[in-house]
Each structure stands twice: as C-alpha cells, then as structure tokens.
Amino acid sequence: MTEPTYTDDELAAAEAELPPIDPADTERVAPGDDTEADEVDDGEDVADDIPDDIEGDGA
Amino acid sequence: MADYYTGPHQSQYAPGQSAVTRSAGCTWTAGANGIDDTSGGKRKPTPDALHKRLAKGEETSPGTPGWSLPDLEKATHRFAKASGNPGLTCVNRTTSGFLGAYGWAGMKKAWANGRYVVIQGDSDRFANNTCSGKFDGDHAIGVSPKSRVANGKVQRWINDGICPKGRWEYEAIIYAYAKKLADASGTPLRWGAFKAAVPKE
C-alpha cells in the first residue's frame, strides 16, 4: 500500500480550502437519534431475491 | 480500542468482473465495499452482483457510463430489502444531508456517526504516486468512518475501485476531489451515506 505523497504546499492549500465545521457536526448523536425512515421508492427489483454474496453468511 | 470494521477491499478490476464493471463500475464498486463494511462482513456482494439490481433502462442517465447516486440508492435499497437489512441502503444525501448537516459538514457528521460514505468527484486530485493517480476524471470512491492522524492531519480509509487494496487518504484531499466535480458540474457535493453505522470490531 502506497501512502499518498503531497508537497507541504499542496496539503496546506487543500487544508485551507476546507469549509469551517461546527463542532456539533463532528459529534456522535445519542443511540437511536440517528435512525431514519425508509423513504426510498425503488420500484420492482430486477435481480433474484437472494443477493449474491462472496464468503458472507447472511444478514 | 475497537475500530470500525473494514472488509477485504473489492476492486472493479477483480477477476471475473464484467466488462461494464471494469470500465464504468466505480460507483457500484464503492457501494459493494460499503455494504460489506456496513454489514460487518455478513454481506459481501461483488460489484457485478450489486449492478444487477438496477436495469440499464432504470438508470437516471442510461446513455452515459456508470451510475448516479440515485441509481446507487435504488440498487442498494433493493439489496437491503432482499437481505432483510434496511441499513444497507446507501441514501443519496447530495441535497437531503445527514441529520440536518449538508455538504462537507454532512459527510463529517456521517463519519462521526459511523457511516460509510460514497463520494463522487474528480480523481485528478489524488496523488500520482498512489493507485488512484492512474485515472484522472469523474469517479466515485467509498470512504470509511475509520480514520487516523498522519503528519498532523486527518486521513480516512478509502476504497477506490481502481486500486487493488484499500488505502489511507487525507480528508482535505477527499474534499478537494469532491469539490472539483461539484464546481465543474454546478451541483452540491455529490455524496451518499449508508443508513446504518459500520460496526466496530
């Protein structure tokens, strides 16, 4: 695995472009507060009912 | 200290993958890696297996290669239903955000809450000395909530489908990658995040 190599100037420039972040956005919310409703409308599946997997033992 | 589960990296160039996955499958390959991580290794679809969940005619832009994030959302939602695990849906959060946070703030919040994130961007931002540097153009990668500090700066573990293995990348570079495509296309940052958190090992 090759570590990414950037010049100090390249990294500094990239860091300078990062938007300011509210500390609240880096906090983990309480368990259960991050659940979401299922709102995806995906129509009729076109694949087999049982998903193909490799090595997994199911949900 | 327990860290987030990271599964074996899947490449879009893995043996047996179809020609369409090899040439244009970065988004669904990122989705396949995300399903593995989010399920804690219980589900490991190949990129081709995830791609089968959406017919070509159902894509938002069937005339162009690859998938959009709405395409990934639809396919992963179908996979999640078939698997009996709704958390394996990668929701398109380009405009909907995550828990009230949008754009980069939304991604940061998603990672803080253990979510695997898929980001579309311009891969010419990645260092040429990495496997990612072999391709410059519109691309998609998966970004784990797993992080570390290197050289005083935050890095995230990424699954880039054109790479043979997962690797570390600076957060600032990931932002630059996402921002370049967003600016070029006049859209917000294009990203999705899985509904469930990646478990810790």
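These notes cover the structure that comes with them.

Calculation notes
Residues numbered from 1 in each chain as written. Chains lettered and ligands numbered in written order. Predicted model: local features only at pLDDT ≥ 70, side-chain atom pairs only at ≥ 80, totals over all residues. Heavy atoms only, no water. Phe/Tyr/Trp six-rings, centres within 6.5 Å; stacked < 30°, edge-to-face > 60°. Helix = DSSP H or I, 4+ residues; strand = E, 2+ residues; numbered from the N terminus. Buried < 20%, exposed > 50% of the residue type's maximum accessible area, 1.4 Å probe, protein only. Lys NZ or Arg CZ within 6 Å of the ring centre and 35° of its normal. Salt bridge = Lys/Arg side-chain N within 4 Å of Asp/Glu carboxyl O. Contact = heavy atoms within 4.5 Å. Nonpolar A, V, L, I, M, F, W, Y, C, P; charged D, E, K, R; others polar. 1 Å grid on protein atoms, 1.4 Å probe; cavity = no way out; pocket = protein on both sides within 12 Å on 5 of 7 lines; lining within 4 Å. Points joined across faces, edges and corners; volume = space filled by probe spheres on them. Core = buried A, V, L, I, M, F, W, Y, C linked by side-chain atoms within 4.5 Å. Pairing = 2+ DSSP bridges. Disulfide = S-S within 2.5 Å.

1. Quick look at the packing of aromatic side chains
Then, in step 1: Scanning the entire structure with this criterion turns up seven aromatic pairs over all chains.
Then, in step 2: Ring geometry for A:Tyr6 versus B:Tyr170: centroids 5.9 Å apart, planes at 70°, classification edge-to-face. Of the two residues, A:Tyr6 is situated in the segment before helix 1 (8-17) and B:Tyr170 in strand 5 (residues 167-170); the pairing between them involves two chains. B:Tyr170 shares its class with A:Tyr6; the two are buried.
Then, in step 3: Across the ring face of B:Tyr4, the terminal group of B:Lys200 is positioned such that the distance to the ring centre comes to 4.8 Å.

2. Topic: the pattern of salt bridges
Then, in step 1: For the structure shown, the criterion picks out eleven salt bridges over all chains.
Then, in step 2: Here B:Arg148 and A:Glu3 are joined by a salt bridge, their closest N and O atoms 2.8 Å apart. Placement of the pair is B:Arg148 in strand 3 (residues 138-150) and A:Glu3 in the segment before helix 1, with the two residues belonging to separate chains.
Then, in step 3: Overall, A:Glu3 belongs to the partly exposed group, its relative accessible area being 33%.
Then, in step 4: Salt bridges linked by common partners bring B:Asp122, B:Asp124, B:Arg125 and B:Lys180 together as one network.

3. What to know about the interface of chain B and chain A
Then, in step 1: With 56 residues of chain B at the interface, the matching set in chain A holds 44 residues.
Then, in step 2: Where the side of chain B that touches chain A is concerned, the elements lending two or more residues are helix 4 (69-83), helix 5 (103-112), strand 4 (153-160), strand 5 and helix 6 (171-185) of chain B.
Then, in step 3: At eight residues, the largest contribution of residues to the side of chain B that touches chain A is made by helix 4 of chain B.
Then, in step 4: The residue inventory of the side of chain B that touches chain A, partitioned by class, reads 22 nonpolar, 13 polar and 21 charged.

4. Describing the layout of surface pockets
Residues and elements named next belong to chain B.
Then, in step 1: Within this model, the largest pocket holds a volume of roughly 510 Å³.
Then, in step 2: Around the largest pocket, the lining is made up of 27 residues, and of these Pro65, Gly66, Trp67, Gln120 and Asp138 lie nearest the centre.
Then, in step 3: Elements supplying a minimum of two residues to the lining of the largest pocket: helix 1 (19-24), helix 2 (26-38), helix 4 and strand 3.
Then, in step 4: The residue makeup of the lining of the largest pocket, split by class, is eleven nonpolar, twelve polar and four charged.

5. Quick look at the nonpolar core
Then, in step 1: Ranked by size, the top nonpolar core spans 26 residues in total, and within it B:Met107, B:Val117, B:Ile119 and B:Trp191 carry the most contacts.
Then, in step 2: Among the secondary structure elements, those contributing two or more residues to this core are helix 1 of chain A together with helix 5, strand 2 (117-122), strand 3, helix 6 and strand 6 (190-194) of chain B.
Then, in step 3: Among the elements that take part in this core, helix 6 of chain B stands out by supplying seven residues, more than any other.

6. Some details on the pairing of strand 6 of chain B
Residue and element names in this part refer to chain B.
Then, in step 1: Most of strand 6 is tucked away, with four of its five residues classed as buried.
Then, in step 2: Of the pairings in the sheet, the one linking strand 1 (residues 90-92) to strand 6 comprises three bridges and is antiparallel in character. Its bridge partner being in strand 6, cysteine 90 is matched across the sheet by phenylalanine 194.
Then, in step 3: Taken together, the four bridges between strand 2 and strand 6 define a ladder with antiparallel strand orientation. Bridge pairing links valine 117 to alanine 193 in strand 6.

7. A look at the state of the cysteines
Residues and elements named next belong to chain B.
Then, in step 1: Applying the stated criterion across every chain yields a total of one disulfide over all chains.
Then, in step 2: Between the sulfur of cysteine 131 and that of cysteine 163 lies a disulfide, 2.0 Å long from S to S. When the S-S torsion is 100°, as for the bridge of cysteine 131 with cysteine 163, the disulfide is right-handed. Separated by 32 residues along the polypeptide, cysteine 131 in the loop between strand 2 and strand 3 and cysteine 163 in the loop between strand 4 and strand 5 bring together distant segments of the chain.
Then, in step 3: In this structure cysteine 131 comes out as buried when scored by relative accessible area, which is 17%.
Then, in step 4: Classification of cysteine 163 by relative accessible area gives buried; the value is 0%.
Then, in step 5: Free cysteine cysteine 90: the closest other cysteine sulfur is in cysteine 26, separated by 13 Å.

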